[in-house]
Amino acid sequence: GQQVMQIPQYQHVQEGEDFTTYCNSSTTLSNIQWYKQRPGGHPVFLIQLVKSGEVKKQKRLTFQFGEAKKNSSLHITATQTTDVGTYFCAGPERMGSSNTGKLIFGQGTTLQVKP
Amino acid sequence: NAGVTQTPKFRILKIGQSMTLQCTQDMNHNYMYWYRQDPGMGLKLIYYSVGAGITDKGEVPNGYNVSRSTTEDFPLRLELAAPSQTSVYFCASSWGRGRNQPQHFGDGTRLSIL
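Residues numbered from 1 in each chain as written. Chains lettered and ligands numbered in written order. Predicted model: local features only at pLDDT ≥ 70, side-chain atom pairs only at ≥ 80, totals over all residues. Heavy atoms only, no water.

When you go through chain B residue by residue, the secondary structure sums to zero helices and 11 strands. Along chain B, from the amino end to the carboxyl end, the secondary structure elements read β-β-β-β-β-β-β-β-β-β-β. Taken over C-alpha atoms, the radius of gyration comes to 13 Å for chain B, in line with the 13 Å a tight globule of 114 residues would show. In terms of overall dimensions, chain B has C-alpha extents of about 40 × 30 × 25 Å along its principal axes. A buried classification covers 46% of the 114 residues belonging to chain B. At a minimum sequence separation of 6, the contacts of chain B that also span at least 24 residues come to 55%. (Helix = DSSP H or I, 4+ residues; strand = E, 2+ residues; numbered from the N terminus. Rg over C-alpha atoms; globule rule 2.2 N^0.38 Å. Buried < 20%, exposed > 50% of the residue type's maximum accessible area, 1.4 Å probe, protein only. Contact = heavy atoms within 4.5 Å.)

Listed below in structure tokens is the structure:
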């Protein structure tokens with residue numbers, strides 16, 4: 001079945017270092033979404049990418065959607081302790097030529113930042 | 001505007017007991033979802049609904065039931081609690097499937113089965 005895979009599973013960085021998580025889909029995606037879950041919290045939507053090759057920025061966060069629309073990345077510049085959490089990518093499940101309304105989530109990348 | 005509200009926030013059940021996890025949203029969203037998240041793991045879809053009166057199974061539906069009698073409410077029922085159902089349960093909602101509108105999550109219910 002359709003799968004979304006994320007690497008790495010865990011990342012420990014020193015505050016101020018950069019961080020990148022990668023997301024790969026087994027199928028071409030119409031869009032990809034990114035969520036952040038703080039420890040003990042719930043997933044919170046960050047951004048959606050739709051276009052091939054799209055790059056979007058939110059302050060120190062840079063999101064990219066691959067040219068083939070099968071992969072994506074999230075890069076954080078100069079991490080801060082407030083960036084701690086698990087970052088999930090998610091792509092829509094396809095059935096034929098339509099989206100079912102369900103999202104296929106990656107397993108997430110857990111980021112820990114040492115102050 | 002409360003968004004997605006889940007109750008209770010915490011619960012401890014004995015093996016074999018039953019309970020209903022409540023979820024309500026005030027955003028007039030058509031789509032609603034129930035996920036479970038085991039410690040250190042990702043999200044697994046239990047059930048989802050595309051509108052009132054319509055529900056369908058997700059990846060891990062065994063041991064659970066749902067109903068969707070109104071747009072706002074989507075309760076999740078555990079009939080015979082088992083230790084394997086110890087998890088954090090998240091309810092989520094979204095506007096529709098066009099470009100898969102972002103999902104809005106509730107705060108979760110932390111459930112322990114002892």
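A separate point is the nonpolar core. Formed by 20 residues in total, the largest nonpolar core has its most connected members in Ile32(A), Trp34(A) and Phe63(A). Secondary-structure elements contributing two or more residues to this core are strand E3 (19-25), strand E4 (32-37), strand E5 (43-49), strand E7 (61-65), strand E8 (71-76), strand E9 (85-95) and strand E11 (109-114) of chain A. The next biggest cluster of nonpolar side chains, apart from the first, holds 19 residues, and it includes Met32(B), Trp34(B), Leu111(B) and Ile113(B). (Core = buried A, V, L, I, M, F, W, Y, C linked by side-chain atoms within 4.5 Å.)

Attention now goes to the pattern of salt bridges. Residue and element names in this part refer to chain A. A complete count under the given rule lists six salt bridges over all chains for this structure. Taking the shortest distance from any N to any O, the salt bridge between Asp83 and Arg60 comes out at 2.9 Å. Taken together, the residues span a long stretch of sequence, with Asp83 in the loop between E8 and E9 and Arg60 in the loop between strand E6 (55-58) and E7 at a distance of 23 residues. Assessed through its relative accessible area of 4%, Asp83 is described here as buried. With relative accessibility at 23%, the residue Arg60 sits in the partly exposed group. (Salt bridge = Lys/Arg side-chain N within 4 Å of Asp/Glu carboxyl O.)

All chains considered together, the criterion is met by 14 aromatic pairs over all chains. Ring plane angle 90 degrees and centroid distance 6.4 Å describe the contact between Phe88(A) and Phe105(A), whose orientation is recorded as edge-to-face. Here Phe88(A), found in strand E9, pairs with Phe105(A), found in strand E10 (residues 98-105); they are 17 residues apart in sequence, far enough to count as distant. Phe105(A) shares its class with Phe88(A); the two are buried. The interplanar angle of 15 degrees and the centroid separation of 6.5 Å between the aromatic rings of Tyr33(B) and Tyr48(B) together place this pair among those described as stacked. In this pair, Tyr33(B) is assigned in strand E4 (residues 31-37) and Tyr48(B) in strand E5 (residues 43-51), connecting sequence segments 15 residues apart. For the pair shown, Tyr33(B) and Tyr48(B) are each scored as buried. (Phe/Tyr/Trp six-rings, centres within 6.5 Å; stacked < 30°, edge-to-face > 60°.)

We now examine the pairing of E7(A). Residues and elements named next belong to chain A. Within E7, four of the five residues are buried, leaving the element largely enclosed by the surrounding structure. Strand direction decides the pairing type here: E6 and E7, joined by four bridges, are antiparallel. Of the residues in E7, the one forming a bridge with Val55 is Gln64. Bridge count for E7 against E8 is five bridges, and the pairing is antiparallel. By the bridge assignment, Thr62 is partnered in E8 with His75. Counting the residues between successive antiparallel strands, the hairpin from E7 to E8 contains five residues, one of them, Lys69, with a positive phi of roughly 60 degrees. (Pairing = 2+ DSSP bridges.)

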